[in-house]
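# Report on the structure
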Amino acid sequence: MQDVWKTYPNGVMAVNGISIYIKKGEFVYVVGPSGAGKSTFIKMMYREEKPTRGEITIDGKDLSKIKEKNIPYLRRNIGVVFQDFKLLPNLTVFENVAFAMEVIEESKENIRKRVMEVLDVVRLKNKARFLPHELSGGEQQRVAIARAVVNKPAVLIADEPTGNLDPETSWEIMHIIEEINESGTTVVMATHNRDIVDNMRKRLIAIEGGRISRDEIRGTYGYEI
Amino acid sequence: MKSRTFGRHIKEGSKNLIRNGWMTFASISAVTVTLFVVGAFLLLIMNINHFASSLEDDVEIRVFVDLTAEAEDQEELEDSLGDFNEVESVEYVPKEEGLEAFIDSLGDEGDYFESLRDENPLNDVFVVRAEDPQETEIIAHEIEELDYVEGVEYGRDIFDQLFSATDFVRIVGAGLIVGLVFTAIFLIANTIKLTILARKTEIQIMKLVGATNSFIRWPFFIEGLLLGTLGAVVPISVLTFGYVRFYEAIGESTGLEFFEFLPVYPLTIQTSLLLLGIGAIVGVWGSIMSVRKFLKV
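Residues numbered from 1 in each chain as written. Chains lettered and ligands numbered in written order. Predicted model: local features only at pLDDT ≥ 70, side-chain atom pairs only at ≥ 80, totals over all residues. Heavy atoms only, no water.

What follows is about the sheet that holds strand β3 (residues 27-31) of chain A. All names here are of chain A. Pairing is mixed across the open sheet formed by 6 strands, whose spatial order is β7-β8-β9-β3-β10-β11. Only two strands of the sheet have a single partner each, and these edge strands are β7 (78-81) and β11 (211-216). Averaged over all neighbouring strand pairs, the angle between strand axes comes to 15°, with direction disregarded. Note that β7 and strand β8 (residues 155-159) share 4 bridges and pair parallel. Looking at β8, one finds that Ile78 is bridged to Val155. (Pairing = 2+ DSSP bridges. Helix = DSSP H or I, 4+ residues; strand = E, 2+ residues; numbered from the N terminus. Axes fitted to C-alpha atoms, helices over the stretch in contact; angles between N-to-C directions.)

Considering soluble globular proteins, one finds that nonpolar side chains tend to be buried as a cluster. Judged by nonpolar contacts, the single largest core of 86 residues is most densely connected at A:Tyr29 and A:Leu119. The element contributing the most residues to this core is helix α2 (residues 21-57) of chain B, with 10 residues. With sequence-adjacent residues up to four places away left out, A:Leu119 is seen in contact with A:Val93, A:Phe94, A:Val97, A:Leu124, A:Lys125, A:Ala128 and A:Ala146. Judged by nonpolar contacts, the second largest core, of 27 residues, contains A:Phe41, A:Ile66, A:Ile157 and A:Ala190. (Core = buried A, V, L, I, M, F, W, Y, C linked by side-chain atoms within 4.5 Å. Buried < 20%, exposed > 50% of the residue type's maximum accessible area, 1.4 Å probe, protein only. Contact = heavy atoms within 4.5 Å.)

If you look at the interface, chain B gives 18 residues, while chain A gives 22 residues. Overall, the association of chain B and chain A removes approximately 1800 Å² of surface from exposure, summing both partners, and the carbon and sulfur fraction of that is 61%. Considering only the side of chain B, the residues that lose the most area to chain A are B:Ile205, B:Leu208 and B:Val209, jointly responsible for 34% of the buried surface there. Run the count over chain B and chain A and you get 0 salt bridges. Applying the counting rule to chain B against chain A returns 2 residue pairs in polar contact (both at pLDDT 80 or more). Listing elements by their share of the side of chain B that touches chain A, those giving two or more residues are α1 (3-19) and α7 (200-208) of chain B. Among the elements that take part in the side of chain B that touches chain A, α7(B) stands out by supplying 7 residues, more than any other. (Buried area = accessible area lost by both parts, 1.4 Å probe. Salt bridge = Lys/Arg side-chain N within 4 Å of Asp/Glu carboxyl O. Polar contact = N/O pair within 3.5 Å; in protein donor to acceptor, adjacent residues only side chain to side chain.)

This structure, assessed with the given rule, holds 5 cavities of 30 Å³ or more. Approximately 120 Å³ is the volume found for the largest cavity. Among the elements of the structure, β7 and α5 (137-149) of chain A together with α7 of chain B are those that each provide at least two residues to the lining of the largest cavity. At 3 residues, the largest contribution of residues to the lining of the largest cavity is made by β7(A). Tallied by class, residues from the lining of the largest cavity come to 9 nonpolar, 2 polar and 3 charged. (1 Å grid on protein atoms, 1.4 Å probe; cavity = no way out; pocket = protein on both sides within 12 Å on 5 of 7 lines; lining within 4 Å. Points joined across faces, edges and corners; volume = space filled by probe spheres on them. Nonpolar A, V, L, I, M, F, W, Y, C, P; charged D, E, K, R; others polar.)

Here we come to the side chain of A:Asn96. Residues and elements named next belong to chain A. Following the sequence through the fold, Asn96 ends up in helix α3 (residues 93-102). A distance of 2.8 Å separates a polar side-chain atom of Asn96 from the backbone nitrogen of Leu88. Setting aside anything within four residues of it in sequence, one finds Asn96 in contact with Leu87, Leu88, Leu91, Pro132, Val143 and Arg147.

Structural data, given as structure tokens:
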């Protein structure tokens, strides 16, 4: 990521010149107070927002130059997990995960095999037929993670994945994400969870006022909120 | 696109129809009314056109030969008529024959004119047909200039009236149809907008996991297509059935030899296909209109 700027049309300058380099297979926390540009930073990584200036390169592809019609292919290489899970309420756990493979036109057989594999990773194999509302929050987030990684993306982006969960469940989620990271997927995770950041030490990038205020190899949360 | 995917799109599209219940019904009704009017005007205009062209075939110039003309003069005239490039045929009708036809055409009334046989007041006539009916007027004027021509007659007035009548019907019909088509497109666009709103999260997720725009668009196209074609079903059946009955009842016996209605086949097939096509276009157009805006994520 090279000297990235983002100014919204309404004049808000959310990101003002961020340059970072994240290695393949790295695990990075992105922390910072609300409104510091964390979300914008995350959104630019999966090209929901386009930087006003500068370039973002993932896996050799420059996101700011990518054509509109090629965005879908970029996103297949990036898994995204949100605070509010974003599961489809009418589909079962299996269908929700399979959905991500259906839209890229995988064969039924591949879908079945791979979905069960991923559900095994998030330990939900026995709940494949459940509907999202029959699951706990932690389980729902695990489904969302399964969906994010089912297409074997190079990067997993998590926007406050534990934001809606209690501490114990949060740790469950973190262990799964760590496991995914250990299998070679780069993880970028925005979070407010001090407990997790301090106890599962990883590279930490703090954003304040649209700029990087700290970048530590095994950083701690460090804010007093 | 893989056929499996296409199957999925069709399934999704049909599901949307059911999900939107009342709006689906409203859109289909709008298409139905539109296509019904379109179809009725189509049948009317096609028949008027048919009528006009059969009348065009009937357009002939009657050249009245001067009473003083001798036999040689007549022959000369006939030759010079035949020399016109634009003339298709020249037919000689001697005055006796002309009177005969006149008396016959009057039926019983014709008896009053029997006495005229001795003192025939009619002229010998050349019936001239132009190759192109539109040229009739020009040719008639040229013939008028020839020697031994007492006068010419051709059915210009009827012709003009007929064309202004058909033009009127066409303009009114076209105006009505355009208005209705836009109403139908608007309603379909709205129905599909409802679907899209109801499935906003789904679309968002699809985009996030890397679905291409066309993949997202297809179910909505299919929904629009179904709305349009389903709307065509009722007008097609009603109009076809109606025309068949109408044709059976009076079609063949208008009493006017030059005015026949078009036969049921292939007219109804043509109209039906056209209506189906219009329905499909209206439906797809409506869906394109509403989907376009939503895919800019």
